[in-house]
Amino acid sequence: MIDPGRLERRSSELARIGGTDTSVSRLGLSADEQRARDLVRGWLAAKGAQVRRDAAANLFARFHGEGQGILVGSHLDSVPEGGRFDGALGVLCAVEAIAALVDAKIKLRRPIEVVAWADEEGARFGVGLFGSTAAFGRLARGVGDRTDRDGISIAEALRALGEQGDPAVARRDPKEIAAYLELHIEQGPRLETAGLPLGIVSDIVGIYHARVAIRGRADHAGATVMTARADALAAASEIVLAVERIARGRPDSVGTVGEIAVRPGAKNVVPGECVFTLDLRAARDHDGLVRDVLEAVTGIVSARGVEASVDDLARVPVTPLDPKIRDVLKRATTSVGVEAPLLVSGAGHDAQNPALSGVPTGMIFVRSTGGSHTPREFASTEDAALGAQALANALKELAT
Ligand code: GLV
Ligand code: MN
Ligand code: MN
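Residues numbered from 1 in each chain as written. Chains lettered and ligands numbered in written order. Predicted model: local features only at pLDDT ≥ 70, side-chain atom pairs only at ≥ 80, totals over all residues. Heavy atoms only, no water.

**Some points on the environment of H220**
Turning to step 1, where the next piece is worked out: Counting through the fold element by element, H220 comes out in strand β10 (residues 219-220).
Turning to step 2, where the next piece is worked out: Sequence spacing of H220 and D287 is 67 residues, and the spatial spacing of their C-alpha atoms is 41 Å.
Turning to step 3, where the next piece is worked out: In this structure, H220 is in contact with R229, N268 and V270, ignoring residues within four places of it in sequence.
Turning to step 4, where the next piece is worked out: Of note is the side chain of H220, whose polar atom sits 2.8 Å from the backbone nitrogen of G222. (Helix = DSSP H or I, 4+ residues; strand = E, 2+ residues; numbered from the N terminus. Contact = heavy atoms within 4.5 Å. Polar contact = N/O pair within 3.5 Å; in protein donor to acceptor, adjacent residues only side chain to side chain.)

Spelled out as structure tokens, the structure:
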């Protein structure tokens, strides 16, 4: 049986790493993320798991059985000034679910491996789903050379954590894995609106991440007449509004510019350079959304006489999850008394990597309130415990 008190205590303990009050800033591949991994490692080792870390700083804790294993988990990093539940709740519930099976002396036919993926958010280096992308051999070449704002590369960050620096070494054979399960907070209002504690994910949106650099011409803000300017920020602003317009005009699409920086960055200098990010997502025709936005970028910069370069950070296609695992999760949620609805995820998840690598994959959503990627995000212990019990029931069906 799930122990809600233990789940809540551990959730609070984890939230203190990189966190104050309800706000958590535990960036991927940082010392804080490592401390969180060490805390989780201790809980799992105490339950008898064989624990290891891979070259991408993912944590795996294996409970014995024969043949292909069942992988279950989520991530421990957060966005800057994020909440305590995104990712963390999935790891906490996986730990709680396996503890319940161990405590009940359930004999495993297949191994169960709990995983805490490293750097899912990609907040520091720009590469989201980092750890799971590495483990499923889907990293772009040269990704270890990408740097954060201080010029520290991913390879250097990994070495600082005690790894040798090449994340591609983390690749494992997807055929070792019979199924992947992930529990996550919903991060949106649909379960709350429906008055239901749990949902099951049918598909995950396609995601495109890029960094765009606009090069105009820095000049004197007083002496340069308006017709003689090549203002990089003005061009970027027009692109920001085009992203909003295009995403609004397409079905099931969203577009966000969440980071922007101007150089040289002085009130009396026409901006010479502007670098910003693109986050483009759609549940349908994701390629069409990306194409329309990139065409708008080309058109706007050419009309304004500035230049743009687009650095692709990641492109993950729309990801359908496995119908058979969906049925397992349906039985598991029904067994805890919930008629869980099927939901499309607008957030990206590590689950996309196993699913795209051919591993039968499924996700449970737990009702959350207050949005997500903010300290307001919240899930009740009661709902989390129901989710953990459903996860334990699904693991039992798959692994015994
Ligand atoms: C992860 O949280 C994402 O969807 O960006
Ligand atoms: Mn997130
Ligand atoms: Mn997440």
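The rest of the description comes next.
**A closer look at the packing of aromatic side chains**
Turning to step 1, where the next piece is worked out: Tallied over the full model, the rule gives four aromatic pairs.
Turning to step 2, where the next piece is worked out: Between the aromatic rings of W117 and Y180, the centroid separation amounts to 6.2 Å while the plane-to-plane angle is 50 degrees, which identifies the pairing as tilted. On the criterion of sequence distance, the pair formed by W117 in strand β6 (residues 112-117) and Y180 in strand β7 (residues 177-185) is long-range, its members being 63 residues apart. This pair shows no difference in class: W117 is buried, exactly as Y180 is.
Turning to step 3, where the next piece is worked out: The structure contains a cluster of three or more aromatic residues connected by ring pairs, namely F60, W117, F136 and Y180. (Phe/Tyr/Trp six-rings, centres within 6.5 Å; stacked < 30°, edge-to-face > 60°. Buried < 20%, exposed > 50% of the residue type's maximum accessible area, 1.4 Å probe, protein only.)

**Details of the site of ligand 1**
Turning to step 1, where the next piece is worked out: Near ligand 1 you find E120, E121, R281, A347, G348 and H373, and these make up its full shell.
Turning to step 2, where the next piece is worked out: The contact in question runs from an oxygen atom of ligand 1 to an N or O atom on the side chain of R281, over 2.7 Å.
Turning to step 3, where the next piece is worked out: For ligand 1, the accessible surface in isolation is 190 Å², of which the surrounding protein chains cover 88%. (Near = heavy atom within 4 Å. Areas by Shrake-Rupley, 256 points an atom, 1.4 Å probe, with all protein chains shown as cover.)

**Regarding the coordination of the manganese ion (ligand 2)**
Each angle at a metal carrying four tetrahedral donors should ideally be 109.5 degrees, and each at a metal carrying six octahedral donors should ideally be 90 or 180 degrees.
Turning to step 1, where the next piece is worked out: Within the first shell, the manganese ion (ligand 2) binds the protein through D86 (OD), E121 (OE), E121 (OE) and H373 (NE2), at distances of 2.0 to 2.8 Å.
Turning to step 2, where the next piece is worked out: Separating the manganese ion (ligand 2) from the manganese ion (ligand 3) is a gap of 3.5 Å, bridged by D86, which donates to each. Of this pair, E121 sits in the loop between β6 and α4 (130-135) while H373 sits in the loop between β18 (361-366) and α11 (381-399); the two residues are 252 residues apart in sequence, bridging distant segments of the chain.
Turning to step 3, where the next piece is worked out: We classify H373 as partly exposed; its relative accessible area is 38%. (Donors = N, O, S within 2.8 Å, 3.2 Å for Na, K, Ca; no water.)

**Description of the domain arrangement of the chain**
Turning to step 1, where the next piece is worked out: Taken domain by domain, the chain consists of domain 1 (4-205 + 319-399) and domain 2 (207-316).
Turning to step 2, where the next piece is worked out: Distance from the C-alpha centre of domain 1 to the C-alpha centre of domain 2: 33 Å.
Turning to step 3, where the next piece is worked out: On the side of domain 2, 10 residues touch domain 1, which itself brings 12 residues to the contact.
Turning to step 4, where the next piece is worked out: A per-residue breakdown of the area domain 1 buries against domain 2 is headed by G126, R146 and V205, which together make up 49% of the total.
Turning to step 5, where the next piece is worked out: Where domain 1 packs against domain 2, one counts two salt bridges. (Domains from an automatic or database assignment. Buried area = accessible area lost by both parts, 1.4 Å probe. Salt bridge = Lys/Arg side-chain N within 4 Å of Asp/Glu carboxyl O.)

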